[in-house]
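Each chain, letter by letter, is given below.
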Amino acid sequence: MIHVRGRSIETLYSAQEIAGAVRRLAGEIAASGPGDLLLVGILKGAFVFTADLLRALHEAGLSPEVEFMSLSSYGAGTEGGEVRILRDVEQSVAGRHVILVDDILESGRTLKFARELMLERGAARSQIAVLLDKAMRRKTEIEADYVGFSCPDHFVVGYGMDVGHAFRELPFVGRVVE
Ligand code: HPA
Ligand code: MG
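The rules we used
- Residues numbered from 1 in each chain as written.
- Chains lettered and ligands numbered in written order.
- Predicted model: local features only at pLDDT ≥ 70, side-chain atom pairs only at ≥ 80, totals over all residues.
- Heavy atoms only, no water.
- UniProt positions renumbered as here; feature names shortened; annotations may be inferred.
- Helix = DSSP H or I, 4+ residues; strand = E, 2+ residues; numbered from the N terminus.
- Expected span 1.5 Å × (residues − 1).
- Buried < 20%, exposed > 50% of the residue type's maximum accessible area, 1.4 Å probe, protein only.
- Arc of directions from axis to C-beta.
- Near = heavy atom within 4 Å.
- Polar contact = N/O pair within 3.5 Å; in protein donor to acceptor, adjacent residues only side chain to side chain.
- Areas by Shrake-Rupley, 256 points an atom, 1.4 Å probe, with all protein chains shown as cover.

- The name given to the protein chain in an unreviewed UniProt entry is Hypoxanthine phosphoribosyltransferase, and the organism recorded there is Aureimonas populi.
- For the protein chain, the Cofactor (unreviewed entry) comment in UniProt is given as "Mg(2+)".
- For the protein chain, the Sequence similarities (unreviewed entry) comment in UniProt is given as "Belongs to the purine/pyrimidine phosphoribosyltransferase family."

So this is what it looks like as C-alpha cells:
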C-alpha cells in the first residue's frame, strides 16, 4: 500500500511483474512469425505500455514502427453505440502486421472497432495486445491475441492509467482503496 495525493493505493501488479509480462509478450509476438510490424497505441492509457512493448520487441530482435490513435466511445453498453476517431494514425497500414496496443480490454467495443478498421484499410494482420484483460466486462465477442494479466474487476490506476487524469505516472498498477 502506498499513499499518493492523499489516496491509498494497493499494488496489484508491481513494476517488476509488469516488466516480466512485457518481455513475455514480446517473445510471443516474435515467435508468431511477425510481418512488417506496426504497433498502434491507443491513447492515452496505453502510452506507457506501448513504449515498453516497443523496446521489448527491439530486445526480441524485431524492428517495429509505432503510431497512436485516440478513440472515444459513446453509448457504452448499448447496442449501436458509436466509436469515434479523435486522432488517427499518420501512415498507411496496408499490407502491414498491425498490433493494436491497449491498457485494458473491458467491453471490447473500441478495440473491435479498431481491429476491423485496420482490416478495412488493408492490414495483412490486425491483432490486439493488452496489459490487462477484464473478461467479466465484455459486451461484444472479442479476445486479445496477447494478454499481460487477467485482471479482477477493480478500477485500476498507474502505468499510464488514470482516475480523473491522476496516477498515470505510477510505475506499477494498483487500485485506489480510498
Ligand atoms: N482504470 C483506468 N481507466 C479505466 C479503467 C480502469 O480500471 N477501466 C476503463 N477505463
Ligand atoms: Mg482513462
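On we go from here.
1. Concerning helix H1 (residues 15-31)
Part 1 of the argument: Between its first and last C-alpha, H1 extends 24 Å over 17 residues, near the 24 Å set by a 1.5 Å rise per residue.
Part 2 of the argument: Where H1 is concerned, the buried positions are Ile-18, Ala-21, Val-22, Leu-25, Ala-26 and Ile-29. For H1, the angular spread of buried residues about the axis comes to 140°, placing them on one side. Exposed positions of H1 whose direction lies more than 90 degrees from the buried face are Gln-16, Arg-23 and Ala-31.
Part 3 of the argument: Of the residues flanking the end of H1, it is Gly-33, one or two places downstream, whose phi is positive at about 70°.

2. Some details on the site of ligand 1
Part 1 of the argument: Neighbouring residues of ligand 1: Ile-104, Glu-106, Lys-134, His-154, Phe-155, Val-156 and Asp-162.
Part 2 of the argument: In the model, a nitrogen atom of ligand 1 is placed 2.8 Å from a nitrogen or oxygen of the Glu-106 side chain.
Part 3 of the argument: Between ligand 1 and the protein, one listed contact pairs a nitrogen atom with a backbone N or O atom of Val-156 at 2.5 Å.
Part 4 of the argument: Summarising the interface, the protein chains cover 76% of the accessible area of ligand 1, which totals 260 Å² for the free molecule.

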